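Architecture and fold: a report
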Amino acid sequence: MSKRIDVENLNVYYGDFLAVEDVNMAIEPRSVTAFIGPSGCGKSTFLRTLNRMHEVISGARVEGKVLLDGDDLYGKGVDPVVVRSQIGMVFQRPNPFPTMSIRENVLAGVKLNNRKISKTDADELVENSLRGANLWNEVKGRLDKPGSGLSGGQQQRLCIARSIAVKPDVILMDEPCSALDPISTLAVEDLINELKEEYTVVIVTHNMQQAARVSDKTAFFNIAGTGKPGKLIEYAPTQEIFNNPSEKSTEDYVSGRFG
Amino acid sequence: MTATPAHTSRLTSGQAPKWLPLAILAVSLILGAAASALIGFSIATFALFSGLIFIIAGPLIVGAIEGRRKGADALARYMVYGTFLIALIPLISVLYTVLARGVPGLSGDFLMNSMKGVTGVHDNAAASGEGNVLGGIYHAIIGTLEITLLATLISVPIGLLTAIYLVEYGEGKWLAKAITFFVDVMTGIPSIVAGLFAASFFALVTGNPMNRMGLVAAVALSVLMIPTVVRNAEEMLRIVPNELREASYALGVRKWRTITKVVIPTAISGIASGVTLAIARVIGETAPILVTAGFVTSINWNAFSGWMATLPTYIYYQIMTPTSPTAAAVSETRAWAAALILILIVMVLNLIARAIAKIFAPKTGR
């Protein structure tokens, strides 16, 4: 399953502070979209509005529409929990549940919701999810060991396995490789390439080579200054953003002449 | 033999031999003994003089050999050791006294019998060697365990739920601020006030001003326990990383399930040891028990009716009103033995809490 996301006139607020202003964007299914931009420009904030994780912070709110295959995430009566079960998220720092084993971590989305699942189905789900996250071969002998005993890169892939085990339509990744070494980063990037066969993937990254390597389309966000809202400057196919951007500030940023 | 010229590194200064502090200590002890003998020898002055001489002379000698900075380091280090030893004195003294005086009074009969029917006649006989020491603390152990258990059952749910509200729901709300303030105030309530509160509360509710029973005492102890439990659980829930909550939300898990299945299990070991500390704090309370559960010498299993004794009130009565005024030593022995048992119960509770903490602790290892 894979769904498209259309963002219409989205304003994101923290209390009275306008953090991201007037974003319009169409994210295609079965594609990888990268968000790049300087720190504090609102790309992570914007990403978190795509599965209603933004409102977990008190005082945070949103104006505008985010359509998932035409259904507004912020429509009346929409349960954010349902939204989040369809749009998964992987965070900057690997965060496996420390009280759970590797197997329990993968099954967390099922077990924490108290859904009943037979042992064989569970085994199958664990194996498929871990295979999907390229982790199966490394951990198949120690599924009952704690997830926090894995290396950072393995933990991050475990978190990805945990996300895909709930069978979402979209996977959001917030700088998934910023805490990882180059080899683990490569493993996660390979994984992203495989994930786009089945999922819509949106990734925030500070690493422009990474954006160039993994994404089909790239969105460049920028901020005019401290206290000003972040804005979507340019959204185009990745090749175009890096080789032939239409905005001067995009070119400055991707060529390292920023600021 | 060709002697290689001794190379002196410019990176090192003088180095005192390893045995130097011990030598200084030995000399300080001798000088301390001499100084104390001058004004009439006693252990206290001996320790005081030796310690003072060591703390002054040690850093000076080390400083003279190794330089000012090492001297200052030695001074700070010896002071830390010294204060640690001073802090240990009361603890060791209490443990030693309770063991020395309590062990002779211990026996199977002492643990398995109440004071029912034990009178001054028996104590006088025991004191003159014509009979065994009779009577025991069975009723007080039952009372202590029942009242403490009831108090725990009342305060842990209230305290834990309060802490959950404060950490997970109350952020920045005026109700949360008010609760935090009142919990702080509650921490400072004198225990006798808590006892009087529980006594008058039950007197009002039941209309019987002398309605004393284990439950009233448990309520009084809860008033003392709840703030400790809230404060501790709050700390423990706060240190659960937010990332775990977000990870759970991102899997489409509801908030209350996130709290019960992710946040609390992650914090449970800290919460368990906090609860034990709260129990240890109230299990030795005397005054609130006297005004709420009264005092008896016989066994009462029912915490919901009738007066009850606990170990602290038992100790208090044995000391203040000996069973036989002419053979008070017998009652004193019983009091010390009861104190020893009380300390042992607290120790066992601590061990249980550690075991719980270990079982539930976030798993590590590969």
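Note that the structure is a prediction, hence the values are computed from the model and not measured.

**Notes on the pattern of salt bridges**
As enumerated under the stated definition, the model contains 23 salt bridges over all chains in all. Ionic pairing is found between A:Arg4 and A:Asp6, a salt bridge with its closest N-O pair at 3.0 Å. Using a relative accessible area of 26% as the deciding quantity, one classes A:Arg4 as partly exposed. The shortest N-O distance in the salt bridge between A:Arg93 and B:Glu243 comes to 2.6 Å. Here B:Glu243 lies in helix H10 (residues 242–250) and A:Arg93 lies in the loop between strand E6 (87–90) and helix H3 (102–106), a pairing that spans two chains. With a relative accessible area of 28%, B:Glu243 lands in the partly exposed category. Residues joined by salt bridges that share partners form a network here, namely B:Asp184, B:Arg231, B:Glu234 and B:Arg238.

**Thoughts on the side chain of A:Thr45**
Residues and elements named next belong to chain A. In this structure, Thr-45 sits in helix H1 (residues 43–49). Assessed through its relative accessible area of 12%, Thr-45 is described here as buried. Here Tyr-14 takes part through its side chain, which lies 3.1 Å from a polar atom of the side chain of Thr-45. Apart from residues lying up to four places away in sequence, Thr-45 is in contact with Val-12, Tyr-14, Ala-19, Val-20 and His-54.

**Regarding unusual backbone geometry**
All names here are of chain A. Non-glycine residue Arg-30 carries a positive phi angle of around 50 degrees. Note that Arg-30 resides in the loop between strand E2 (17–27) and strand E3 (32–36). For Arg-52, which is not a glycine, the phi torsion comes out positive at approximately 60 degrees. Take Arg-52: it is sitting in the loop between H1 and strand E4 (60–68).

**What to know about helix H9 (residues 214–238) of chain B**
Residue and element names in this part refer to chain B. For H9, which comprises 25 residues, the first-to-last C-alpha distance of 35 Å matches the rise-based estimate of 36 Å (1.5 Å per residue) to within 8%. Along H9, the helix axis deviates most sharply at Met-225, where the bend reaches about 35 degrees; the proline Pro-227 sits within four residues downstream. Among the 25 residues that make up H9, 19 are buried, leaving the element largely enclosed by the rest of the structure.

**Regarding the domain arrangement of chain B**
By a widespread convention, an interface's size corresponds to the accessible area lost as its parts come together. Residues and elements named next belong to chain B. What the domain assignment lists for chain B is domain 1 (20–104) and domain 2 (138–360). A separation of 39 Å is found between the C-alpha centroids of domain 1 and domain 2. At the junction of the two partners, domain 1 supplies seven residues and domain 2 supplies seven residues. Summing both partners gives a buried area of about 620 Å² for domain 1 against domain 2, and 82% of it is carried by carbon and sulfur. Per-residue buried area on domain 1 facing domain 2 is highest for Val-98, Arg-101 and Gly-102; these three make up 68% of the total on that side. One can count zero salt bridges joining domain 1 with domain 2. Taken together, the connections running from domain 1 to domain 2 amount to zero residue pairs in polar contact (both at pLDDT 80 or more). A breakdown of the residues in the side of domain 1 that touches domain 2 according to their chemical character gives four nonpolar, two polar and one charged.

**Remarks on the packing of helix H6 (residues 138–169) of chain B against H9(B)**
Residue and element names in this part refer to chain B. Look at H6 against H9: their axes get within 6 Å of each other, and the N-to-C directions meet at 35 degrees. Note that H6 runs across H9; the crossing there is right-handed. Looking at the contact of H6 with H9 residue by residue, the class counts come to 22 nonpolar, six polar and two charged.

**What to know about the interface of chain B and chain A**
Contacts between chain B and chain A engage 21 residues on the former and 32 residues on the latter. Both sides together, the interface formed by chain B and chain A hides about 2500 Å², and carbon and sulfur atoms give 58% of it. Counting across the chain B and chain A interface gives three salt bridges. Those elements that place two or more of their residues in the side of chain B that touches chain A are H10 and helix H11 (255–283) of chain B. At seven residues, the largest contribution of residues to the side of chain B that touches chain A is made by H10(B). Class assignment of the residues belonging to the side of chain B that touches chain A gives a composition of nine nonpolar, five polar and seven charged.

**Some thoughts on the pairing of strand E8 (residues 200–204) of chain A**
All names here are of chain A. Judged by how many residues are buried, E8 sits mostly within the fold: five of five residues are covered. Burial along E8 is two-sided: the residues Thr-200, Val-202 and Val-204 and Val-201 and Ile-203 are all buried. Taken together, the four bridges between E3 and E8 define a ladder with parallel strand orientation. Of the residues in E8, the one forming a bridge with Ala-34 is Ile-203. Inspection of the sheet shows strand E7 (residues 170–174) paired to E8 by five bridges, in the parallel sense. By the bridge assignment, Leu-172 is partnered in E8 with Val-202. Following the backbone out of E7, through helix H8 (residues 182–195) and into the adjacent parallel E8, one traces a crossover that is right-handed.

**A closer look at the sheet that holds strand E1 (residues 5–14) of chain A**
Residue and element names in this part refer to chain A. Reading across the sheet, the ten strands line up as E5-E4-E1-E2-E10-E9-E3-E8-E7-E6 and stay open at both edges, with mixed pairing between neighbours. Of all strands in the sheet, those bounded by a partner on one side alone are strand E5 (71–72) and E6. Pairing of E4 with E5, which is carried by two bridges, proceeds in the antiparallel orientation. Within E5, the residue paired with Leu-68 across the bridge is Asp-71. Against the sheet, helix H7 (residues 152–165) engages E6 and E7, with an angle of about 170 degrees to E6.

What counts, and at which threshold
Residues numbered from 1 in each chain as written. Chains lettered and ligands numbered in written order. Predicted model: local features only at pLDDT ≥ 70, side-chain atom pairs only at ≥ 80, totals over all residues. Heavy atoms only, no water. Salt bridge = Lys/Arg side-chain N within 4 Å of Asp/Glu carboxyl O. Buried < 20%, exposed > 50% of the residue type's maximum accessible area, 1.4 Å probe, protein only. Helix = DSSP H or I, 4+ residues; strand = E, 2+ residues; numbered from the N terminus. Polar contact = N/O pair within 3.5 Å; in protein donor to acceptor, adjacent residues only side chain to side chain. Contact = heavy atoms within 4.5 Å. Expected span 1.5 Å × (residues − 1). Bend = angle between axes of the 7 residues up to and from the residue. Domains from an automatic or database assignment. Buried area = accessible area lost by both parts, 1.4 Å probe. Nonpolar A, V, L, I, M, F, W, Y, C, P; charged D, E, K, R; others polar. Axes fitted to C-alpha atoms, helices over the stretch in contact; angles between N-to-C directions. Left-handed = near helix turned anticlockwise from the far one by under 90°. Pairing = 2+ DSSP bridges. Right-handed = clockwise from strand over helix to strand, strands pointing away.

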